[in-house]
Amino acid sequence: MGSTSYYVIGPRQIVQQIVVTELQYRTINAGEPVNQWEIVFQDGTFVRQAAGDNPNRMDAVGLARQQVGSGVPVDVVIRGRITNPTWAWTSGSFLYVSDTVSGAMTHTLPTASGRVVQRLALALTTTQIEVNPQRGKLRIAVSIFG
C-alpha cells in the first residue's frame, strides 16, 4: 500500500498530519474503549488494551488506528510505518508493551517478576515507528533480586 495521511486536531486546535506508510491492518470490534495508537491484543472476536503486567491481556497484535468505543469496529495496524509529530521516541530503540500503563508503548524493557515482555515496534526517528509485533516469543520476566 502507499501512504495515507490523517489530519488530527490537537491541543489549541493545531492541525497535525499523521502519515502511515506501507500499512497493513485488519478491522476488529473493540471489546472496550480504545484510544488512537494504543496497543491492543485480540480477545476472541474483540480487541482490548494490551497490558504487560497481565499475561491474560497479551499477546499484542498491533495499534488501534483510531479512537473508538466498546463494540465499535477499529482498524488495527499490524505492520507498517507510522509518523506522528506528537511522538518523541529515541531513534533506533525498540518499543515494548508497557507493564505500567495499559495500551501504552514504552522504551523500557519490563523486568519485574511476572511481567510479560513483547517488542512491538522500532523507533526509526523521534516521530516515526515501524510496527512489527514480535509474536510467539513472549516471556515472563523473573526478578533475580527480589
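Just so it is clear, the structure is predicted and the values come from calculations on it, not from any experiment.

Any details on the overall build of the chain? Residues and values, ideally.
For the chain, the count of helices and strands is 0 helices and 12 strands. When the elements of the chain are put in sequence order from the N terminus, they spell out β-β-β-β-β-β-β-β-β-β-β-β. Residue burial in the chain is summarised as follows: out of 146 residues, 41% are buried. Within the chain, residue pairs in contact and separated by at least 24 positions form 56% of the contacts whose partners lie at least 6 positions apart. When the accessible area of the chain is evaluated, it comes to approximately 7,600 Å², of which 50% is carbon and sulfur surface.

Before we move on, can you summarise the side chain of R48 with the specific residues and values?
Along the chain, R48 falls in strand β4 (residues 46-49). Here the side chain of R48 touches D43 through a polar contact of 2.6 Å, side chain to side chain. Every residue in contact with R48, bar those within four places of it in the chain, is listed here: G31, E32, I39, V40, F41, D43 and R57.

Please provide a residue-by-residue account of the pattern of salt bridges, values included.
Inspection of every chain in the model, using the stated rule, returns 4 salt bridges. Here D43 and R48 are joined by a salt bridge, their closest N and O atoms 2.6 Å apart. On the basis of relative accessible area, D43 is assigned to the partly exposed category, the value being 34%. In this structure, R81 engages E130 in a salt bridge whose closest nitrogen and oxygen atoms are separated by 2.6 Å.

Let's hear about the confidence of the model for the chain: which residues, and what values?
Mean pLDDT over the chain works out to 84, with 78% of the residues at or above the 70 mark. By mean pLDDT, strand β1 (residues 3-9) is the weakest element of the chain at 46, and β4 is the strongest at 97. Contacts of residues 4-13 to residues separated by more than four positions or lying in other chains number 21 contacts, the stretch itself having pLDDT below 50.

Please provide a residue-by-residue account of the environment of N29, values included.
By secondary structure assignment, the location of N29 is in strand β2 (residues 15-30). If we ignore the near neighbours within four places in the chain, the residues touching N29 are T45, F46, V47, G71, V72 and P73.

How would you summarise the nonpolar core if you had to cite specific residues and measurements?
Counting residues in hydrophobic clusters, the biggest one holds 21 residues, and the most contacted among them are I39, L63, I82, M105 and I129. Elements represented by at least two residues in this core include exactly β3 (39-43), β5 (60-64), β6 (73-83), β7 (94-97), β10 (119-123) and β11 (128-131). Considering each element in turn, this core owes the most residues, 3 residues, to β10. In terms of nonpolar packing, the next biggest core, distinct from the first, is built from 10 residues, I28, V40, V47 and V76 among them.

If you had to explain the pairing of β6 to someone new, which residues and values would you point to?
As paired strands, β5 and β6 are joined by 2 bridges and run antiparallel to one another. Note that in β6 the partner of A64 across the bridge is V76. Strand direction decides the pairing type here: β6 and β11, joined by 4 bridges, are antiparallel. Note that in β11 the partner of I82 across the bridge is I129.

Describe the pairing of β5, listing the residues and the values that go with them.
Two faces make up the sheet, and in a regular strand the side chains alternate between them. Of all the 5 residues making up β5, 5 are buried; the element is thus mostly covered by neighbouring parts of the structure. As paired strands, β3 and β5 are joined by 3 bridges and run antiparallel to one another. Bridge assignment links V40 to a residue of β5, and that residue is G62.

Describe the environment of Q36, with residues and values.
Here Q36 lies in the loop between β2 and β3. Distance from Q36 to V76, taken between C-alpha atoms, is 9.8 Å for residues 40 residues apart in sequence. A polar contact is formed between the side chain of Q36 and the backbone oxygen of R65, at a distance of 3.2 Å.

Here is what the cut-offs are and how they apply
Residues numbered from 1 in each chain as written. Predicted model: local features only at pLDDT ≥ 70, side-chain atom pairs only at ≥ 80, totals over all residues. Heavy atoms only, no water. Helix = DSSP H or I, 4+ residues; strand = E, 2+ residues; numbered from the N terminus. Buried < 20%, exposed > 50% of the residue type's maximum accessible area, 1.4 Å probe, protein only. Contact = heavy atoms within 4.5 Å. Areas by Shrake-Rupley, 256 points an atom, 1.4 Å probe, with all protein chains shown as cover. Polar contact = N/O pair within 3.5 Å; in protein donor to acceptor, adjacent residues only side chain to side chain. Salt bridge = Lys/Arg side-chain N within 4 Å of Asp/Glu carboxyl O. pLDDT = per-residue confidence, 0-100. Core = buried A, V, L, I, M, F, W, Y, C linked by side-chain atoms within 4.5 Å. Pairing = 2+ DSSP bridges.

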